[in-house]
Amino acid sequence: IELQVHQGVAELKVTDEGSGIPKEDLPHVSERFYRVNKARTRKDGGSGLGLAIVYQIIKKHHGTFDIQSEPGFGTTAIIQLPNTPFNESSPTL
């Protein structure tokens, strides 16, 4: 996990060393109930909601969300949020 603040933007990078995500699946990972591994069942874990929820929270806070991945080499999620103080007009969840 890496956190940087620059030019009014807080950037969080989360990297794993997992199996990675195929290029054709990357545009869909923020969709509700989307699973990269179609053979996985709910019993095996995961509902396909995690990244969809993260994406909606980031969007509500006027941020950006990007995923870079290469099968066999892991994945990096990059979240950028405006670095503004919380106030009464801040979005609520």
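Structure: above.
Keep in mind that this is a model prediction, so the values were computed, not measured.

### A closer look at the sheet that holds strand β3 (residues 64-70)
Across the sheet, which stays open at both edges, the four strands sit in the order β1-β2-β4-β3 with antiparallel pairing between neighbours. Pairing within the sheet leaves two strands with one partner each, and these edge strands are β1 (2-6) and β3. Pairwise comparison of adjacent strand axes, ignoring direction, gives a mean angle of 15 degrees for this sheet. Sheet topology note: the β3/strand β4 (residues 74-82) ladder contains seven bridges and is antiparallel. Across the sheet, Phe65 pairs through a bridge with Ile79, a residue of β4.

### Structural notes on the environment of Ile53
Among the structural elements, Ile53 can be located in helix α1 (residues 50-60). Residue classification places Ile53 among the partly exposed positions, given a relative accessible area of 47%. When the C-alpha positions of Ile53 and Arg32 are compared, they lie 8.0 Å apart, and in sequence the two are 21 residues distant.

### So, the environment of Thr75
Here Thr75 is to be found in strand β4. By relative accessible area, Thr75 is classed as buried at 12%. Each C-alpha atom, one on Thr75 and one on Asp16, is 5.5 Å from the other, the two residues being 59 residues apart in sequence. Thr75 has contacts with Val14, Thr15, Asp16, Gly20, Ile21, Ile67, Gln68 and Ser69, leaving out every residue within four places of it along the chain. A polar atom in the side chain of Thr75 sits 2.8 Å from the side chain of Ser69.

About the cut-offs
Residues take numbers from 1 onward in each chain, read along the sequence in its written order. Per-residue local features are limited, in this predicted model, to residues with pLDDT of at least 70; the limit for side-chain atom pairs, both in listing and counting, is 80 or more; totals at the level of whole chains, interfaces and linings are taken over all residues. Excluding hydrogens and water, the side-chain figures rest on all heavy atoms present in the structure. Only strands that DSSP links by at least two bridges are regarded as paired with each other. Numbering goes from the N terminus for both helices and strands, where a helix is a DSSP run of H or I of at least four residues and a strand is a run of E of at least two. Axis geometry follows a simple rule: fit a line to the C-alpha atoms, using only the stretch in contact for helices, then measure angles between N-to-C directions, giving values from 0 to 180 degrees. Relative accessibility under 20% of the residue-type maximum defines a buried residue, over 50% an exposed one, and the middle range a partly exposed one, all with a 1.4 Å probe and only protein chains included. Between two residues, a contact is recorded if the distance between any of their heavy atoms is within 4.5 Å. Any N or O atom pair separated by 3.5 Å or less is treated as a polar contact, with the protein-specific requirement of one donor-capable and one acceptor-capable atom, and with residues adjacent in sequence counted only for side-chain atom pairs.

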